[in-house]
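# Coordinate inspection notes
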Amino acid sequence: MAIKIGAITTLTSSDFTYTPDDRQQTIELIGGVAVQDFGRIVNGDKKSCTITLRSSDFTVLCGYWDSRTRVTVADDAGVTVATMRVIVKSYKYVKRFENKAVEANVEFWRV
């Protein structure tokens, strides 16, 4: 299924993962345990997935990443989130279409 990243529509997406930013930590004390709970910080949430896109769209995606541009992302469930940053974790050229398509692992950070 395709997703939208700013002005880009991907060819495919897979392995969509959502990681909430839950700021809870355990502090061990002598003779007991205390838990500090700062709650969930929505702006710290991350989404990650593997996408396949045209080489020309990958150039645009790298532009978003390099310039730290905030983009709107619509995931494969149709959920749209504005003001997300794109991070390219890794990429490779699609073997059958070496000059035309790229497969990339990306993260989207809510800011």
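Criteria and thresholds
- Residues numbered from 1 in each chain as written.
- Predicted model: local features only at pLDDT ≥ 70, side-chain atom pairs only at ≥ 80, totals over all residues.
- Heavy atoms only, no water.
- Phe/Tyr/Trp six-rings, centres within 6.5 Å; stacked < 30°, edge-to-face > 60°.
- Helix = DSSP H or I, 4+ residues; strand = E, 2+ residues; numbered from the N terminus.
- Buried < 20%, exposed > 50% of the residue type's maximum accessible area, 1.4 Å probe, protein only.
- Pairing = 2+ DSSP bridges.
- Contact = heavy atoms within 4.5 Å.
- Axes fitted to C-alpha atoms, helices over the stretch in contact; angles between N-to-C directions.

## Brief notes about the packing of aromatic side chains
Counted by the stated rule, this structure contains two aromatic pairs. Geometrically, the ring pair formed by phenylalanine 58 and tyrosine 91 is tilted, given 4.7 Å between the ring centres and 50° between the ring planes. Of this pair, phenylalanine 58 sits in helix α1 (residues 55–67) while tyrosine 91 sits in strand β8 (residues 80–93), and the two are 33 residues apart along the sequence. Judged by its relative accessible area of 8%, phenylalanine 58 falls in the buried class.

## Remarks on the sheet that holds strand β6 (residues 46–54)
The seven strands are arranged β2-β1-β7-β8-β9-β6-β3 in an open sheet whose pairing can be described as antiparallel. Two strands bound the open sheet, and with one partner strand each, they are β2 (8–9) and β3 (12–19). Pairing of β6 with strand β9 (residues 101–110) involves nine bridges; the strand directions are antiparallel. Each bridged residue has a counterpart across the sheet, and for serine 48 the counterpart in β9 is glutamate 107. This element, α1, spans β1 (4–5), β2, β6, β7 (71–74), β8 and β9 of the sheet and lies at about 145° to β6.

## With respect to the pairing of β8
Two elements, β7 and β8, share three bridges in a ladder whose sense is antiparallel. In the strand pairing of β8, valine 71 is matched with methionine 84. Between the antiparallel neighbours β7 and β8 lie five residues, among them glycine 78 with a positive phi of about 90°. As judged from the nine bridges shared by β8 and β9, these two strands associate in the antiparallel manner. Bridging across to β9, valine 88 finds its partner in valine 106.

Distances and angles like these do not, on their own, reveal function.
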